[in-house]
Amino acid sequence: MKNHPSEELLKAYADGSIDACNGLTLAAHLETCEHCHSKVDELESQASQIMMEPDAEIDIEQSMMDEIFNNIVCLSKDKTSLNTQKPSVKIEVNGKSFVLPKSLRGVSKRLSEWKSYGGKVYTAHLDLGEEERVSLLYIAGGVQVPQHTHKGVETTLVLHGSFSDEEGYYSEGDYIVADGSIKHSPRTEEGQDCLCLTVLSEPMVFTQGVARVFNIFGKGMYP
């Protein structure tokens, strides 16, 4: 795993200001990345220390603060316990079965039916009620997606397998962000499929070959 979320994004996650779509994707990344998980713990600890500092306008007795803190700790433990008791959730695509990250279990019922593109690329939309397009993207082995760029920002988290493009090689856990400055053709090796979680703020725009027909009226395309 070589690609991680930015410091700014980790801070937004720690202080709760991150949007729902990117928050979900980052939470899934934290499940497999000790480096970022530790960083978020550090940022949350710093934020809690700031909250505990004396304020001239707010005078709360220490006993009350202790009670509030203990309640938060107990609540966190209860949530952790509940999360560990939840059964795993599996999805099936192209004859294969995958276990979803824990962070996606609660929203798995919002996943649409799989849409197939030539029996080689499959997508399923995850409806979170947000403007961003959140999807699961499956690419079979030995496939190259037509070159494209993005009107907005594309965030990709590799859940299974690997793929590569003009910018590098990505494996399970890698967190990749691409914008309009990037033109790439994601591709998988023969015999190695790939499952990703993607967030698109705007449609992607094909830049080569017949795939450009999808750019009708300049709208681009959501997978």
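Residues numbered from 1 in each chain as written. Predicted model: local features only at pLDDT ≥ 70, side-chain atom pairs only at ≥ 80, totals over all residues. Heavy atoms only, no water.

Under an unreviewed UniProt entry, the name given to the chain is Putative anti-sigma factor, and the source organism is Vibrio halioticoli NBRC 102217.

### Some thoughts on helix 2 (residues 20-30)
Most of helix 2 is tucked away: 10 of the 11 residues are buried. Listed in full, the buried residues belonging to helix 2 are Cys21, Asn22, Gly23, Leu24, Thr25, Leu26, Ala27, Ala28, His29 and Leu30. By the N-cap criterion, in which a side-chain oxygen at the helix start approaches the backbone nitrogen of a residue two or three places on, helix 2 is capped by Asp19, the distance to Cys21 being 3.2 Å. (Buried < 20%, exposed > 50% of the residue type's maximum accessible area, 1.4 Å probe, protein only. Helix = DSSP H or I, 4+ residues; strand = E, 2+ residues; numbered from the N terminus. Polar contact = N/O pair within 3.5 Å; in protein donor to acceptor, adjacent residues only side chain to side chain.)

### Focus: the pairing of strand 2 (residues 96-99)
Sheet topology note: the strand 1 (residues 90-93)/strand 2 ladder contains 4 bridges and is antiparallel. For Lys90, the partnering residue across the bridge sits in strand 2 and is Val99. Counting the residues in the hairpin turn of strand 1 and strand 2 gives 2 residues, including Asn94, whose phi is positive at 55°. (Pairing = 2+ DSSP bridges.)

### Some words on the pattern of salt bridges
The final tally for this structure, using the stated rule, is 3 salt bridges. Residue Glu42 pairs with Lys39 through a salt bridge whose shortest N-O separation is 4.0 Å. Linking Glu42 with Lys39, this pair stays in helix 3 (residues 34-52), spanning 3 residues, or about one helical turn. Residue Glu42 is classed as partly exposed on the basis of its relative accessible area of 38%. Of the charged contacts in the structure, one is a salt bridge between Lys96 and Asp193, with a shortest N-O distance of 2.8 Å. Of the two residues, Lys96 is situated in strand 2 and Asp193 in the loop between strand 9 (175-178) and strand 10 (194-200); the sequence distance between them amounts to 97 residues. Take Lys96: its relative accessible area is 38%, and that puts it in the partly exposed class. According to the relative accessible area criterion, Asp193 is buried, its value standing at 4%. Salt bridges linked by common partners bring Glu7, Lys39 and Glu42 together as one network. (Salt bridge = Lys/Arg side-chain N within 4 Å of Asp/Glu carboxyl O.)

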